[in-house]
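Working through the structure, step by step
Residue strings, one per chain:
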Amino acid sequence: MKLTSISRKPMSFVAATTAAVGGLLGLFIGTANGSGLIGILAGGVLLAVLALILPRFDNEKLARWLTVGLFVLLGSLFGGLPLMLLGIFVGWFFGWFIFWLYEGRYRAKLPPYATSNQVLWHYTFRVICGAIFIFLITPILVVMPLSFNAEDFFTFTPEMLRLDPEGYSLKHYRDFFTNNEWQRSFQNSLIIAPIATIISVSLGTLAAIGLSQSHVPGRRAIMAILISPMIVPLIISATGMFFFYSDIGNFLEGTVGLGKNFVGYVKVILAHAVLGIPFVIITVTATLVGFDRSLTRAAANMGANPVTTFFRVQMPLILPGVISGGLFAFITSFDEVVVVLFVGSASQKTLPWQMFTGLREQISPTILAVATILVVISIALLTTVELLRRRSERLRGMSPG
């Protein structure tokens with residue numbers, strides 16, 4: 001069934017725009033096959049012809065299915081199963097895109113008074129944002145299938161490109177969970193990151209609450225100093241921490257008599273806590289912006305002491321911000337490698353440190369499996385942060401949801 005049209009556009013406009021998008025797609029496919037210019041020409045001509053033919057169909061749904069079938073057929077002829085799967089997506093997109101242009105649906109959600117230049121900029125801006133997102137996320141998406149490579153390579157094998165099950169294996173994941181070096185570094189990360197997070201959350205929350213008070217003198221300067229680890233280049237921070245914690249380590253070992261291994265953990269944990277505190281301060285400060293100060297005054301009038309007021313009144317309301325800051329601090333500590341190289345020793349080798357060693361010395365494909373695991377953990381934590389952010393907005397009355 002044909003969708004309701006807004007205003008049909010000239011075929012010259014539809015064909016030219018579709019050819020430009022087809023040429024861009026052809027550039028990527030042609031470059032992957034050794035000839036970007038041929039790809040541009042083939043993609044532009046093919047899509048221009050489709051743009052001239054498809055609008056002549058009275059049944060839009062049929063035209064779209066025919067487009068999908070055409071690209072699936074082309075994919076099977078030139079690349080087998082992988083390009084057939086890609087053809088399904090490409091065919092669906094261009095089947096929709098051509099009618100979207102021809103029927104003028106791109107103006108459906110825009111003000112009727114928008115000029116052509118405003119419409120062009122509206123979609124150009126979104127294309128730029130989408131391109132940036134794709135270029136940022138693509139390297140991460142490439143790592144994931146590579147982690148299932150049956151060979152010890154950092155590239156896609158012919159079997160993988162053919163989607164042959166023989167080209168895929170879980171051996172790199174098995175190596176991670178059975179290799180002593182990887183497990184020791186993983187355990188170190190699980191020891192250091194949670195303790196550093198607890199310290200970051202405790203000190204960062206107190207600092208944010210204190211700096212949110214209007215009577216604190218020089219609070220802007222103090223805030224700038226506290227969040228400076230986020231701004232200062234990490235290599236500079238790591239160098240400064242090396243000299244600072246070396247003196248502390250010598251004191252703890254020589255004067256207090258603590259073990260060298262224990263002192264090493266203390267230094268790394270404190271260094272990571274310093275890196276995590278700014279994230280907690282920023283998230284908790286943002287939560288305190290909408291906090292109703294009259295609640296704490298009411299609690300004081302009812303006889304509650306400051307500690308009781310904090311845990312019974314203030315903490316439940318700012319808890320989403322505190323947890324969000326803690327998650328960011330945990331991710332920072334869990335993924336950090338530069339500072340631990342300066343401050344720690346071989347006994348405190350963390351998972352990122354082991355990955356760095358694997359790239360530099362062994363070229364171990366297990367790194368790909370570890371990277372995939374870390375990406376999954378990061379996605380889970382960031383999803384939690386987003387859910388907490390929405391909950392915080394609801395608690396502060398900023399969202400009707």
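Residues numbered from 1 in each chain as written. Predicted model: local features only at pLDDT ≥ 70, side-chain atom pairs only at ≥ 80, totals over all residues. Heavy atoms only, no water.

**Here's the deal with the environment of G80**
With respect to the helices, strands and loops of the structure, G80 is situated in the loop between α3 (60-78) and α4 (81-102). Taking the C-alpha atoms as reference, G80 lies 36 Å from G104; in sequence the two are 24 residues apart. (Helix = DSSP H or I, 4+ residues; strand = E, 2+ residues; numbered from the N terminus.)

**Concerning the confidence of the model for the protein**
Per-residue confidence for the protein gives a mean pLDDT of 84; residues scoring 70 or more make up 95%. Confidence, read as mean pLDDT per element, is least for helix α6 (residues 158-161) in the protein (78) and greatest for helix α8 (residues 180-211) (91). Contacts for the low-pLDDT stretch residues 1-5, under 50 throughout, to residues beyond four places or in other chains number 11 contacts. (pLDDT = per-residue confidence, 0-100. Contact = heavy atoms within 4.5 Å.)

**Considerations on the layout of surface pockets**
Roughly 2300 Å³ of internal volume is contained in the largest pocket. Contributing to the lining of the largest pocket are 48 residues, with V21, L24, L25, F28 and I134 lying nearest its centre. Only α1 (11-32), α4, α5 (116-146) and α6 provide two or more residues apiece to the lining of the largest pocket. Among the residues making up the lining of the largest pocket, the classes are represented as 38 nonpolar, 7 polar and 3 charged. Estimates place the volume of the second largest pocket at around 590 Å³. Taken together, 21 residues make up the lining of the second largest pocket; nearest its centre are I29, A42, L74, F78 and L83. Within the residue set of the lining of the second largest pocket, elements represented by two or more residues are α1, α2 (36-53), α3 and α4. For the lining of the second largest pocket, the class distribution of residues is 12 nonpolar, 9 polar and no charged. (1 Å grid on protein atoms, 1.4 Å probe; cavity = no way out; pocket = protein on both sides within 12 Å on 5 of 7 lines; lining within 4 Å. Points joined across faces, edges and corners; volume = space filled by probe spheres on them. Nonpolar A, V, L, I, M, F, W, Y, C, P; charged D, E, K, R; others polar.)

**Brief notes about empty space enclosed by the protein**
Tallying each qualifying case throughout the model produces 1 cavity of 30 Å³ or more. Of the pockets and cavities examined, the largest cavity occupies roughly 40 Å³. At the level of secondary structure, the elements contributing two or more residues to the lining of the largest cavity comprise α14 (306-335) and α17 (366-395). Looking at side-chain class alone, the lining of the largest cavity contains 6 nonpolar, 1 polar and 1 charged residues.

**Let's talk about α5**
Compared with the 45 Å implied by 1.5 Å per residue over 31 residues, the 44 Å span of α5 between its first and last C-alpha is a close match. Helix geometry: α5 is bent most strongly at I137, by close to 35 degrees, with proline P139 lying one to four residues after it. (Expected span 1.5 Å × (residues − 1). Bend = angle between axes of the 7 residues up to and from the residue.)

**A word on the packing of aromatic side chains**
Each pair of aromatic rings is reported with the distance of its centres and the angle of its planes. A full pass over the atoms with the stated rule returns 22 aromatic pairs. Between F176 and F186 the ring centres are 5.6 Å apart and the planes differ by 65 degrees, which places this aromatic pair in the edge-to-face class. With F176 in helix α7 (residues 171-178) and F186 in helix α8, this pair connects stretches of sequence that are 10 residues apart. Looking at F176, the relative accessible area reads 2%, which means it is buried. Cluster of aromatic residues (ring-pair linked, three or more members): F13, F71, F93, F94, W96, F97, W100, Y106 and Y123. (Phe/Tyr/Trp six-rings, centres within 6.5 Å; stacked < 30°, edge-to-face > 60°. Buried < 20%, exposed > 50% of the residue type's maximum accessible area, 1.4 Å probe, protein only.)

**Some thoughts on helix α12 (residues 260-288)**
Across its 29 residues, α12 extends 41 Å between first and last C-alpha, which sits within 8% of the 42 Å expected from 1.5 Å per residue. Remark: the principal bend of α12, roughly 30 degrees, maps to G276, with a proline, P278, within the next four residues.

**A look at the packing of helix α11 (residues 234-256) against α12**
Between α11 and α12, whose axes approach to 10 Å, the crossing angle comes to 145 degrees. In this structure, α11 crosses over α12, and the sense of that crossing is right-handed. Together, L234, M241, Y245, G249, L252 and E253 of α11 and K260, V263, V266, K267, L270, A271, V274 and L275 of α12 make up the contact between the two elements. (Axes fitted to C-alpha atoms, helices over the stretch in contact; angles between N-to-C directions. Left-handed = near helix turned anticlockwise from the far one by under 90°.)

**Some points on the nonpolar core**
V14, L50, L54, F71, F94, I98 and L101 are the most contacted members of the largest nonpolar core, which has 20 residues in total. Secondary structure elements with two or more residues in this core: α1, α2, α3 and α4. No other element matches the 8 residues that α4 contributes to this core. For V14, the contacting residues outside a window of four places in its chain are K9, A51, I98, L101 and Y102. Within the second largest apolar cluster, 16 residues are counted, among which are F330, F334, A371 and L374. (Core = buried A, V, L, I, M, F, W, Y, C linked by side-chain atoms within 4.5 Å.)

**Digging into the packing of α8 against α12**
The relative placement of two packed helices comes down to the angle between their axes together with the axis-to-axis distance. Relative orientation of the contacting elements α8 and α12 amounts to 45 degrees, with a least axis distance of 6 Å. What the angle tells us is that α8 and α12 run oblique. Note that α8 runs across α12; the crossing there is right-handed. When its residues are assigned to classes, the contact of α8 with α12 shows 19 nonpolar, 7 polar and no charged. (Parallel < 35°, antiparallel > 145°, perpendicular 65-115°, else oblique.)

**Structural notes on the pattern of salt bridges**
Here the structure, examined in full by the defined rule, presents 3 salt bridges. Between E60 and R64 there is a salt bridge, and its shortest N-O distance comes to 2.7 Å. Highlighted residues: E60 and R64, both in helix α3, separated by 4 residues, approximately one helical turn. Since its relative accessible area comes to 2%, E60 is described here as buried. As a salt-bridge pair, R184 and E181 come within 3.1 Å of each other at their nearest N and O atoms. Within this pair, R184 and its partner E181 are both found in helix α8, separated by 3 residues, close to a single helical turn. Among the charged side chains, a salt-bridge network with shared partners connects E60, R64 and R105. (Salt bridge = Lys/Arg side-chain N within 4 Å of Asp/Glu carboxyl O.)

**Here's the deal with the side chain of S147**
In this structure, S147 sits in the loop between α5 and α6. Polar side-chain contacts of S147 include one of 3.3 Å to the side chain of T372. In this structure, S147 is in contact with S169, H172, Y173, L368, A369 and T372, ignoring residues within four places of it in sequence. (Polar contact = N/O pair within 3.5 Å; in protein donor to acceptor, adjacent residues only side chain to side chain.)

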